[in-house]
Amino acid sequence: MRNNEGIYTTVNAVVYYSNTGQSKRIAEYIAQKSSIPLFDIFDLTEYEFNTAVLVFPVHCQNIPKPVKTFLDRLRVKALIPIATYGKMCYGNVLYEIQKRYNHNITAAAYVPTKHSYIEENGFSDFESLNPIIVKINSPDRIAIPKAYKNPLSNICKGLRSRMGVKIYKDKTCDNCGKCNAVCNNNAIAYGKTNRKCIRCLKCVEQCPKNALHFYNRLPMRTYLRKSKCDKLIIYD
């Protein structure tokens, strides 16, 4: 909310959208180092801040739908978007946020971390993010350059994900309904996915019985054999 002088009176915020925990861990580090409150994007009831740090994963080189919804509602003096990616391609999401939304971006970053579909180590060089934390108290606008985005990345994103990855349950599933509850797309019921599933693996990650699993089909295995990119890019 604003006071009579039109100045934001709500606190700053570190907001994260995270399905397998990679983006959440980065958001936790930034919140701890900056002493700014941390929020899950789905728990927010307030969308007006002085400064908001937004941490989210790139989905098929695109901005995830919950992040778009948040940015549509957001009223902020300074925005710092941080896009995590699975060492394949980060697309052009930061530039797209700059162009699509009328927010004052004062810093931004592409952070390479664990790919959801590969067993590997996640991001651990948290101190390399400290230049972003310094910019939290600086209102200077920056310009984000355009990056490469595959021209086919917007076509049938959900279908491509379902063709590439299979989610299945084993016999230890007791139909507890946890997967139903944690899915933000209403894309699973007691271990069985439907066409709304984007293969974010949040259900697999949070299954209390570890009864949900995933399998990379041939198209995904072929894609994951491509050369990896592990550049940390900070715009400040």
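Here the structure is a predicted model, which means the values were calculated and not measured. (Residues numbered from 1 in each chain as written. Predicted model: local features only at pLDDT ≥ 70, side-chain atom pairs only at ≥ 80, totals over all residues. Heavy atoms only, no water.)

1. As for the confidence of the model for the chain
Line of reasoning, step 1. Here the chain averages 90 in pLDDT, while 95% of its residues score no lower than 70.
Line of reasoning, step 2. In the model, residues 1-5 has pLDDT below 50 throughout and makes eleven contacts with residues more than four positions away in sequence or in other chains. (pLDDT = per-residue confidence, 0-100. Contact = heavy atoms within 4.5 Å.)

2. Some details on the pattern of salt bridges
Line of reasoning, step 1. Taken as a whole and judged by the stated rule, the model has one salt bridge.
Line of reasoning, step 2. Taking the shortest distance from any N to any O, the salt bridge between Lys-149 and Glu-96 comes out at 2.8 Å. Taken as a pair, Lys-149 in the loop between helix 4 (130-135) and helix 5 (157-164) and Glu-96 in helix 3 (residues 93-100) lie far apart in primary sequence, 53 residues in all. (Salt bridge = Lys/Arg side-chain N within 4 Å of Asp/Glu carboxyl O. Helix = DSSP H or I, 4+ residues; strand = E, 2+ residues; numbered from the N terminus.)

3. Details of the nonpolar core
Line of reasoning, step 1. Within the largest apolar cluster, 35 residues are counted, with the highest numbers of intra-cluster contacts made by Leu-54, Phe-70, Leu-71, Leu-79 and Tyr-110.
Line of reasoning, step 2. When contributions to this core are tallied by element, the ones reaching two or more residues are strand 1 (13-16), strand 3 (48-57), helix 2 (65-73), strand 4 (75-85), helix 3, strand 5 (108-112) and strand 10 (233-235).
Line of reasoning, step 3. Grouped together as the second largest cluster of nonpolar side chains are 20 residues, Val-55, Val-111, Phe-123 and Ile-132 included. (Core = buried A, V, L, I, M, F, W, Y, C linked by side-chain atoms within 4.5 Å. Buried < 20%, exposed > 50% of the residue type's maximum accessible area, 1.4 Å probe, protein only.)

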